[in-house]
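Okay, here's what each chain looks like letter by letter:
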Amino acid sequence: MSKWNIHFLLTLVALCTPYLRYNVIDVEKLKGGPVSDAEVFAETHKKKKKDGSREGWVETRASEQYDGFHRSLDEWCQTQPASDDGTPIQPSSDVMTSIWTDVAGGVSK
């Protein structure tokens, strides 16, 4: 899993689901610290077993979007020049939102 904090996902989903902030808090408690939005997405879109662990996506589409986002994000990163100190450039939240929107099939009205 990518280590980037995927802030755009929280923002995008928060517009549609006001209770998402509670999901973030729950996942942070479960994981023992701050989590990326991708971790929240995975935690809230995977089936919960009786022992509390997660396995398998609730829908194939969720898995496809999650994997597609990471593929597209990796492709974007490979097309960017490195910074002056040689580290990869981190995408802005606007770039990440654009990638997510494209993977999710565009804007729905």
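Here, the structure is the one placed above.
About the thresholds
- Residues numbered from 1 in each chain as written.
- Predicted model: local features only at pLDDT ≥ 70, side-chain atom pairs only at ≥ 80, totals over all residues.
- Heavy atoms only, no water.
- Helix = DSSP H or I, 4+ residues; strand = E, 2+ residues; numbered from the N terminus.
- Buried < 20%, exposed > 50% of the residue type's maximum accessible area, 1.4 Å probe, protein only.
- Contact = heavy atoms within 4.5 Å.
- Areas by Shrake-Rupley, 256 points an atom, 1.4 Å probe, with all protein chains shown as cover.
- Expected span 1.5 Å × (residues − 1).

Enquirer: Would you take a moment to explain the overall build of the protein chain for this structure?
Expert: Of the regular secondary structure elements, the protein chain holds five helices and two strands. Secondary structure elements of the protein chain occur, N-terminal to C-terminal, as α-α-α-β-β-α-α. Sorting the 109 residues of the protein chain into buried and exposed places 32% on the buried side. Long-range pairs, those at least 24 residues apart, make up 48% of the contacts in the protein chain between residues at least 6 apart in sequence. For the protein chain, the exposed surface amounts to about 7500 Å²; the carbon and sulfur share of it is 51%.

Enquirer: What is the right way to read helix H5 (residues 93–104) from this model?
Expert: An α-helix turns once per 3.6 residues; consequently, residues spaced three or four apart project the same way. Over its 12 residues, H5 runs 16 Å from end to end, which matches the ideal 16 Å to within 8%, given 1.5 Å per residue. Of the residues making up H5, those classed as buried are Met-96, Ile-99, Trp-100 and Thr-101. Of the residues trailing H5, Gly-105 is marked for its positive phi of about 100°.

Enquirer: When you look at the environment of Tyr-66 in this model, what are you seeing that I'm missing?
Expert: Locating Tyr-66 in the fold gives a position in helix H4 (residues 60–79). Given the relative accessible area of 10%, Tyr-66 is considered buried.

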